[in-house]
Every structure is written in C-alpha cells, then in structure tokens.
Amino acid sequence: FTSRRTRMTALLRCLVGRRPPSLASRFSRTFPPFPPSVSRLLTSVPPISSIQWYGWGTSPGANTLPTSSTPQSEKITYDHPQPLVFAVPSSEKDSDSPPSIVPSSAIAEVSIGHDSVGFVTRPQTQTKNFCSAYIWGKGNAYGQLGLGIASDSPVSSPSPLLPPLPPGESVAKLRLGGLSSALISSSGDLYTWGWNGSAVSGMGQLGTGDGASRPSPAPVSSLHEDGCVVTDCGLGKSHAVVLTDEGEVLAAGAGSYGRLGNLESEDQLHFVPVDLLAGTPVAEIAVGNVFTLALAEDGTVHAWGQNDQSQLGLGGGFTMDMYSMENLPRMIEGSLEGRRVIKIAAGYGHSACITEEGECFMWGMKRFLEPELLTVLLHTRCVDVKCGRGYTAVLDDQGVLYTFGEGKTGCLGHADTKRLSQPQPLEAFQGRKVVQMHVGMDQIICAVEDE
C-alpha cells in the first residue's frame, strides 16, 4: 500500500509541480474565511420557534413522508406539499405505549436517502424523551438503517439511532445514501454503517478498513487516530467523501470511474486524501451518484468521477460517452470563470451552484456540457440549491422555493406530475418563508415558517 501510494504521489507532484504538504502541516495551517456576507449564506439555519415541516414527492413505502402519527406502509405519491408529523416511540422498553410527537422546532435538520429518512434533533431538546437522531425507511437489507439488524422488513416509523458515542456527545449530522449511511458526532468523529460493497461493484465505502458490512454505526477509527475532525460527509454509489475542519478532502470505496479522484482505479478500504487538492483548502463538498464536487475557499469548483451526463461541467466533445470520466479533480471553468461560487449541489446525473452574486448555474443531465446560467432567476438572489434525480430545487433570500425538471414522481410540488423546463415558485408557500430544504432522489422535505 505504501509503495503504491508513494508512486502515485510522485506522479501527482509531476502533474501539479508541487509537493503535497505533510500531515503535520495540514493540521497547522489556517485558511482565510469567506467574506461575512458569504459566510452567513453558508451557515446552518438558526433555531426557529415556530416552523412546520412539509414533504412531497414519492415515498417508496415505509412512511418516509409521514403525514400522520399512524404509519403508512404502502408506496404513495404526493404532488403538492403535505404537513408532516414526526411521531417517535415514547418508550424504548414499552412498544405499546403511545408515540410522542416531536415538535417541528426541535428538529435541526433532515436527511433523505434513496429509501430512508432520518432527522437530528436540536441539542436543547435532547432529553430523556428525545434522542439525538432518528431513522426509518423501506430498505434495510444491509443494515443501512443502523438499528442493529439487517432485514428486508421495512421500518415505518422513526426509530432511535443509538451509536456508541462517548458520554456527553450527540449526533451533529446524519447522512443517508442508497445502501450505506453515516453520521458525524458533535466532536467531529465519523461513524458509518450499512453495505460496504463487493468485489464486483467496489468496496470500502464505510472506510473502516475491511470489506465487512455493518448493521450498526461503527467509528471510523483511522480518521480519529489521525486527528481528523470531520465537518461533512457525502455518500455516493459505492464511495464516500469526507471534509475536515482543515479543509482537507478524503475519499474511500470503489475506485472505478475515477470517483476517488486519485488517478488509480483500486478500491480504498480507508479514507485517503485526494492528493491533487492538497494545498487547496476546501469549504464544501457535494457527492453525486458516481462523482464528486469540491468548493474551494477561493470560490472555485473542482469535479471528478463519472461524466457520462456532463455532470462534471467540463465541456468537451466526448462527455456523453458512458465511460467518460475524470480520475483527478479538475477546475470547472466556462461561465464560472471569474465568478466566486458559494454553494454547490450534486444529484444523480447533474449539478448546480450559486455564486456570490446570487446567480444559479446548472449543468449535466445530457443537456448542458458546462455551467448554464438560469436567467429566469436573475430577478432574485439565490442562496441555496439542491439536486435530485432529474430535478432541481432553488431557494432565494426571501424564502421562496423554486423547482423544475422531471416531475413524474410529484417531486416538484406543483400539484401535478408534469416536467418543467424552467424554475417555478411553489404556490403552496405563497406569503410564507421556506427556511430549510432537503432533497432526495424523488422527494423533498422542507421547513416553513408558520403563518
């Protein structure tokens, strides 16, 4: 392993003409912050005393869009926003006790996987009645719900996620993918569980050093031992990417299609640095199906992985080939050249970003080879963007939510299943302010200020 990594690092030095910094230097350097106006856009939404959560799109089953305290087990589509009710067990010991309704304001954020949903509660609400995180969903064959068992039986109501955290720590962030999941603790440690891949599809996305799948959260000890404080994690198809508080990007899992960004195609069972980004402090990552975006602190965007739908935004003549890929990070230029990007998003086969000026760009889906400005949104200032499976959601600074793209799953929320080629505001929230949005493959969940 050491010999191979040494050869690869030497080759990367030749490509970029600089020596990657040592581990010690990575931990000692400091990075210039974004301007205050940009930093405010990148911070999480502050606690709000009076909000309501809404959801729409297609629930694959297992009540992933819970509209009442009574779980719905069948697949269902809502083509317009529905108020959600998060009912959790009031007692872990007595399954027959009536559920407790989690107040909307107690939920810090929501995570949507392919067939699962979870949420993290705010620290001040984590009492004996509420745990720090809950999870449920249809798919659990590989233990991706983290509840201690792998089963084909769906879990139709929020169940407590109980990772082996040290005393005094809680779940800070929850990340759900297709067959694997992850969380970040309040101290910055990473825990992963679910499917760890195979020799055919690639393995190691849990980053635990072996190919074993796990039905319960397990700490990624190598990151902890290296002193890495994880601030974010993204899960793709058979690979995972993490960002540390030092602005370093590391990847694990399948190496095919260049998704690890390190030139070679071998799988990695541990998280390894994306060497070409060494010395380039990264502020944000966005992980798509088989590709990754990284937003540097200087406002440039770097992309690598599969490029069969032009999801990397690099232009060129062969990006439509199913084997098209980039196995090293490349800076996205084109229309983004000279602009400072503050937000990035990656979906199944397309990407998007927002600039410091509040402009929104999109590329991919075999439609745009490189970033295309959404001119229809130039009348407003965009602050957030998310990408799903063939559709996009954009939030402006007034709390207006716009959606467009493929609508057959009801995910656009306009009371129909039509495809929209241009962003349109959701009429259901007219006069109200959306303060958070979370996008999955086929459904959206958002927080809206009460009237």
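Residues numbered from 1 in each chain as written. Predicted model: local features only at pLDDT ≥ 70, side-chain atom pairs only at ≥ 80, totals over all residues. Heavy atoms only, no water.

Asker: How should the overall build of the protein be read in this particular structure?
Answerer: Tallying secondary structure elements over the protein gives 4 helices and 32 strands in all. Taking the contacts inside the protein whose residues are at least 6 apart along the sequence as the reference set, 54% of them involve residues at least 24 apart. Accessible area for the protein stands at about 18500 Å²; split by element, carbon and sulfur atoms hold 51% of it. (Helix = DSSP H or I, 4+ residues; strand = E, 2+ residues; numbered from the N terminus. Contact = heavy atoms within 4.5 Å. Areas by Shrake-Rupley, 256 points an atom, 1.4 Å probe, with all protein chains shown as cover.)

Asker: How should the pattern of salt bridges be read in this particular structure?
Answerer: A side chain of one charge can pair with a side chain of the opposite charge if their charged atoms are brought near each other. Evaluation of the coordinates by the stated rule reveals 10 salt bridges. In this structure, the salt-bridge partner of Lys 343 is Asp 384, at a minimum N-O distance of 4.0 Å. Here Lys 343, found in strand β23 (residues 341-346), pairs with Asp 384, found in strand β27 (residues 382-387); they are 41 residues apart in sequence, far enough to count as distant. The two residues Lys 343 and Asp 384 agree in class, both being buried. The partner of Glu 406 in a salt bridge is Arg 419, and the shortest N-O contact between them spans 3.0 Å. Of this pair, Glu 406 sits in the loop between β29 (401-405) and β30 (420-425) while Arg 419 is found in the loop between β29 and β30, placing the two residues 13 residues apart along the sequence. Its relative accessible area of 44% is what places Arg 419 among the partly exposed residues. Each member of the salt-bridge network shares a partner with another, and the members are Glu 284, Lys 343, Asp 384 and Lys 386. (Salt bridge = Lys/Arg side-chain N within 4 Å of Asp/Glu carboxyl O. Buried < 20%, exposed > 50% of the residue type's maximum accessible area, 1.4 Å probe, protein only.)

Asker: Would you mind showing me how to read unusual backbone geometry here?
Answerer: Negative phi is the rule for most residues except glycine; trans is the rule for most peptide bonds. A positive phi angle, close to 65°, is found at Ala 62, a residue other than glycine. Assignment of secondary structure puts Ala 62 in the loop between β1 (51-59) and β2 (76-83). Residue class for Ala 62 comes out buried when judged on its relative accessible area of 1%. For Tyr 257, which is not glycine, the phi dihedral falls at a positive 60°. Summarising the element assignment, Tyr 257 is placed in the loop between β17 (249-253) and β18 (268-273). Tyr 257 gets classed as partly exposed once you look at its relative accessible area, which sits at 26%.

Asker: Before we go on, may I ask you to explain the nonpolar core in this structure?
Answerer: Nonpolar side chains in soluble globular proteins tend to end up buried together. Judged by nonpolar contacts, the single largest core of 83 residues is most densely connected at Trp 53, Trp 56, Phe 119 and Leu 293. Setting aside residues up to four positions removed in sequence, Phe 119 forms contacts with Phe 86, Val 88, Val 102, Ile 107, Glu 109, Val 110, Ser 132, Ala 133, Tyr 134, Trp 136, Pro 158 and Leu 174. Ranked by size, the runner-up nonpolar core spans 14 residues in total, among them Ile 184, Leu 190, Ala 240 and Val 242. (Core = buried A, V, L, I, M, F, W, Y, C linked by side-chain atoms within 4.5 Å.)

Asker: I would appreciate a short explanation of the environment of Ser 100 in the present structure.
Answerer: With respect to the helices and strands, Ser 100 occurs in strand β4 (residues 100-101). With a relative accessible area of 21%, Ser 100 lands in the partly exposed category. A sequence separation of 30 residues divides Ser 100 from Phe 130, and the C-alpha atoms of the two residues are 8.9 Å apart. Contacts of Ser 100, omitting those with residues within four sequence positions, involve Phe 86, Ala 87, Val 88, Ser 90 and Phe 130.

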